[in-house]
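Examining the three-dimensional arrangement
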Amino acid sequence: MQASRARLFKEYKEVQREKVADPDIQLVCDDSNIFKWTALIKGPSETPFEGGVFQLVFSVPEQYPLQPPQVRFLTKIFHPNVHFKTGEICLDILKNAWSPAWTLQSVCRAIIALMAHPEPDSPLNCDSGNLLRSGDIRGYQSMARMYTRLAASPMKG
């Protein structure tokens with residue numbers, strides 16, 4: 001557990017330095033628990049998620065970085081690789097392709113890449129996956145855009 005705390009503390013310091021360098025990701029550690037993090041990520045441009053801000057929640061195991069963090073969307077998103085109700089994400093690096101070289105920041109980058117390039121053949125959201133697999137790109141994009149506007153619009157004020 002000591003090694004995971006040291007690693008997370010190192011990542012925390014890197015995140016403080018990176019804030020300006022990566023405007024698409026805002027990663028925040030819980031004040032009272034270094035194993036709990038949240039992130040705000042911007043929807044990638046030229047996707048139905050563009051203009052949206054999506055909140056992720058990280059639960060980091062004590063065996064980190066040997067085991068991957070659990071990450072899920074708190075913001076509703078219409079995407080084939082995200083469970084609509086739970087926010088669970090189907091992404092190989094969070095499962096069997098995990099490597100200790102990954103950081104929480106790079107996991108956020110991978111999730112942004114997944115948002116831009118969905119994998120409809122391994123869907124957690126079958127409705128979304130079916131639209132893409134049947135070639136109804138327009139239907140998928142309009143649903144994804146609608147949910148982005150409803151759930152992921154940044155607060156004005």
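See the structure printed just above.
So, here is what we can say about the structure in this document. (Residues numbered from 1 in each chain as written. Predicted model: local features only at pLDDT ≥ 70, side-chain atom pairs only at ≥ 80, totals over all residues. Heavy atoms only, no water.)

**Structural notes on the sheet that holds strand β2 (residues 33-42)**
Spatially, four strands are ordered β1-β2-β3-β4 in an open sheet, and the strand pairing comes out antiparallel. In this open sheet, the two strands that pair with only one neighbour each are β1 (25-30) and β4 (70-73). Mean inter-strand twist for the sheet, computed between neighbouring axes without regard to direction, equals 20°. Sheet analysis places strand β3 (residues 53-59) next to β4, joined by four bridges and oriented antiparallel. Bridging across to β4, Phe58 finds its partner in Val71. Lying on the sheet, helix α1 (residues 2-18) is in contact with β1 and β2; it crosses β2 at an angle near 35°. (Pairing = 2+ DSSP bridges. Helix = DSSP H or I, 4+ residues; strand = E, 2+ residues; numbered from the N terminus. Axes fitted to C-alpha atoms, helices over the stretch in contact; angles between N-to-C directions. Contact = heavy atoms within 4.5 Å.)

**Topic: the packing of aromatic side chains**
A full pass over the atoms with the stated rule returns eight aromatic pairs. Between Phe49 and Phe54, the ring centres sit 6.0 Å apart and the planes meet at 80°, which makes this aromatic pair edge-to-face. Taking the relative accessible area as the measure of exposure, Phe54 reaches 0% and is therefore buried. Between Tyr64 and Trp98, the ring centres sit 6.0 Å apart and the planes meet at 45°, which makes this aromatic pair tilted. Of this pair, Tyr64 sits in the loop between β3 and β4 while Trp98 sits in the loop between β4 and α2 (104-116), and the two are 34 residues apart along the sequence. Classification of Trp98 as buried rests on a relative accessible area of 12%. Joined through ring pairs, the aromatic side chains of Phe78, Phe84, Tyr140 and Tyr147 make up one cluster. Cation over ring: Lys76 sits above Phe84, and NZ or CZ is 5.1 Å from the ring centre. (Phe/Tyr/Trp six-rings, centres within 6.5 Å; stacked < 30°, edge-to-face > 60°. Buried < 20%, exposed > 50% of the residue type's maximum accessible area, 1.4 Å probe, protein only. Lys NZ or Arg CZ within 6 Å of the ring centre and 35° of its normal.)

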